[in-house]
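Overview (structure and organization)
These are the residues of each chain, in order.
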Amino acid sequence: MTGIFDPLDIRGVHVRNRLWVPALCQYSVFERDGVPTDWHLAHLGSFARGGAGLVMAEATGITPEGRISPHDTGIWSTAQVAAWRRITDFAHTQGAAVGLQLAHAGRKASVWPEWGSPAKGTMPADQGGWQTVAPSAVAFEGYAPPRALALDELPDVVAAFAAAARRAMDAGFDLVELHAAHGYLLHQFLSPLSNHRDDAYGGTLENRARLLLEIVRAVRAEVGGAVPVFVRFSATDYSDGGWDAEQTAVVAGWARDAGADFFDISSGGLMAGVRIPLGPGYQVPFAEFVRTSAGVDVNAVGLITDAAQAQQIVESGQADAVMLGRESMRDPHFPLRAAHELGVELDYWPPQYLRARWP
Ligand SMILES: Cc1cc2nc3c(=O)[nH]c(=O)nc-3n(C[C@H](O)[C@H](O)[C@H](O)COP(=O)(O)O)c2cc1C
């Protein structure tokens, strides 16, 4: 039986366990230049030190316009690559694998940072905001309307993801994750509720998935055969006529055939004001469904907060790994604690902290 402390090899990358940290936006680039800061080093570094197998760095703009807010990290400049390199080097000294979530926020871009802002929602141009883009000119409720991307602009989106993946490699990341969840640009293309196009990128499932699959292929070509490519999906819009688990499973299979390796299964984010049935492990059934029906490797995420729960999810085969977001922020050493609770001996306690081991 496979447990959370069993390692996993994904293409050329060895991951020491299956307790991972998902992308967690920090809105901490106060210079607005997309360059990660000391905060990001301490934040991501603490998870690496705390024993996580994989640490996924936050949703990072592939272009300035792809950022959710001006305080997001980016991966379009050489200054960003150099700053990320310091963080990936540190994570590697701690034995963690580190990934970068490549993101374009589409119609949910150009908003005030989640904390420390004088307002919520769309940031006006005179405060540093910008015109957003989307598959169709349909606004996210309460946000400024986006401009529909023209057909001849889509190759630029593909190229921007591929260039970002190349820079992620230069910055020392072990893998990349394409953010196709939470109502951001790629999810906007996937869902019939936000994609009303009548060209080759709208309508049928094949058409709505086309942009994502083109990006998977381009990123795979860019990073070569040894680097894992993850895709994060929202498995449902929780809305009638929207994106759902069946479509997620079908497109995950296609994405695997196009060169993706691992699927990070989340939910929601496309529509405002929907009821999400929150509870312990509430998204685990979606991960299990995608894993069994598409035959792909998945991680579960969402209100996974204790060692026995995490162990049960992996041991029962509902998911190949788990990601813990808020619990990791509360306790960056969660994997060290979980090992103690489950009676597992780890050979990667940070030597500086050996005297803090539980007796
Ligand atoms: C502060 C914060 C920032 C987040 N930023 C991102 C992000 O950058 N990309 C993403 O895909 N999800 C993001 N999420 C969602 C988390 O990755 C995760 O899916 C969610 O918090 C549910 O897991 P949890 O219950 O273990 O926290 C964020 C969540 C929080 C709380």
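Notes on the structure in this doc start here. From a predicted model like this one, the values you see are computed outputs, not experimental measurements.

Once that is clear, we can look at the overall build of the protein chain. A count of helices and strands for the protein chain gives 10 helices and 12 strands. Here the C-alpha atoms of the protein chain give a radius of gyration of 19 Å, agreeing with the 21 Å that 2.2 N^0.38 yields for 359 residues. Expressed as a percentage of the 359 residues in the protein chain, the buried residues total 61%. Within the protein chain, residue pairs in contact and separated by at least 24 positions form 69% of the contacts whose partners lie at least 6 positions apart. When the accessible area of the protein chain is evaluated, it comes to approximately 13,900 Å², of which 53% is carbon and sulfur surface. For the protein chain, the separation between the mean place of its 28 positive charges and that of its 40 negative charges on side chains is 3 Å.

Let us look at the pairing of strand S5 (residues 97-103). Most of S5 is tucked away, with 7 of its 7 residues classed as buried. Residues of S5 alternate between two faces, with Ala97, Gly99, Gln101 and Ala103 on one and Val98, Leu100 and Leu102 on the opposite face, all of them buried. Strand direction decides the pairing type here: strand S4 (residues 54-61) and S5, joined by 6 bridges, are parallel. Each bridged residue has a counterpart across the sheet, and for Val55 the counterpart in S5 is Val98. As for the winding sense of the linkage, the β-α-β connection from S4 through helix H2 (residues 78-93) to S5 is right-handed.

Next up on the list: the pairing of strand S8 (residues 175-180). Judged by how many residues are buried, S8 sits mostly within the fold: 6 of 6 residues are covered. Side-chain alternation along S8 places Leu175, Glu177 and His179 on one buried face and Val176, Leu178 and Ala180 on a second face that is also buried. Of the pairings in the sheet, the one linking S5 to S8 comprises 4 bridges and is parallel in character. For Gly99, the partnering residue across the bridge sits in S8 and is Leu175. Summarising the sheet, S8 and strand S9 (residues 229-234) pair through 5 bridges and their orientation is parallel. Paired with Val176 across the strands is Val229, a residue of S9.

Let us now look at the site of the ligand. Inspection of the region around the ligand gives 16 residues, with Cys25, Gln101, Leu303, Gly325 and Arg326 positioned closest. A distance of 2.8 Å is found between an oxygen atom of the ligand and a backbone nitrogen or oxygen belonging to Ala23. A distance of 2.8 Å separates an oxygen atom of the ligand from a polar atom in the backbone of Gly325. Compared with its free state, where it exposes 600 Å², the ligand has 84% of that area covered by protein.

Strand pairing in a sheet relies on backbone hydrogen bonds. The paired strands run either parallel or antiparallel. Sheet architecture is open: 8 strands sit in the order S3-S12-S11-S10-S9-S8-S5-S4, paired in parallel fashion. Only two strands of the sheet have a single partner each, and these edge strands are strand S3 (19-20) and S4.

We now examine helix H8 (residues 307-315). Taken together, the buried positions of H8 are Ala307, Gln309, Ala310, Gln311, Ile313 and Val314. Looking at where H8 begins, the residue whose side-chain oxygen comes 3.1 Å from the main-chain nitrogen of Ala308 is Asp306. Gly317 occupies a position one or two residues after H8 and carries a positive phi of about 80°.

Along the chain, Ser266 turns up in strand S10 (residues 262-266). Look at Ser266 and you get buried, because its relative accessible area is 5%. Looking at Ser266, its side chain comes within polar contact range of the side chain of His182, at 2.6 Å. Setting aside residues no more than four positions away along its own chain, Ser266 makes contact with His182, Arg232, Phe233, Ser234, Ala235, Gln283 and Val301.

Grouped burial of nonpolar side chains is what soluble globular proteins tend to show. Judged by nonpolar contacts, the single largest core of 92 residues is most densely connected at Leu102, Leu178, Leu212, Phe233 and Phe263. Judged by nonpolar contacts, the second largest core, of 15 residues, contains Leu54, Phe262, Val301 and Met323.

The next subject is helix H6 (residues 245-258). Helical periodicity: at 3.6 residues per turn, an α-helix aligns residues three or four positions apart in one direction. Given a rise of 1.5 Å per residue, 14 residues ought to cover 20 Å, and the 20 Å separating the end C-alpha atoms of H6 matches this to within 8%. In this structure, the buried residues of H6 make contact with helix H4 (185-190), helix H5 (205-223), S9, S10 and helix H7 (284-294). Taking the backbone nitrogen of Glu246 as reference, a side-chain oxygen 3.4 Å away marks Asp244 as the first, capping residue of H6.

The rules we used
- Residues numbered from 1 in each chain as written.
- Predicted model: local features only at pLDDT ≥ 70, side-chain atom pairs only at ≥ 80, totals over all residues.
- Heavy atoms only, no water.
- Helix = DSSP H or I, 4+ residues; strand = E, 2+ residues; numbered from the N terminus.
- Rg over C-alpha atoms; globule rule 2.2 N^0.38 Å.
- Buried < 20%, exposed > 50% of the residue type's maximum accessible area, 1.4 Å probe, protein only.
- Contact = heavy atoms within 4.5 Å.
- Areas by Shrake-Rupley, 256 points an atom, 1.4 Å probe, with all protein chains shown as cover.
- Lys, Arg positive; Asp, Glu negative; His and termini not counted.
- Charge placed at Lys NZ, Arg CZ, Asp CG, Glu CD.
- Pairing = 2+ DSSP bridges.
- Right-handed = clockwise from strand over helix to strand, strands pointing away.
- Near = heavy atom within 4 Å.
- Polar contact = N/O pair within 3.5 Å; in protein donor to acceptor, adjacent residues only side chain to side chain.
- Core = buried A, V, L, I, M, F, W, Y, C linked by side-chain atoms within 4.5 Å.
- Expected span 1.5 Å × (residues − 1).

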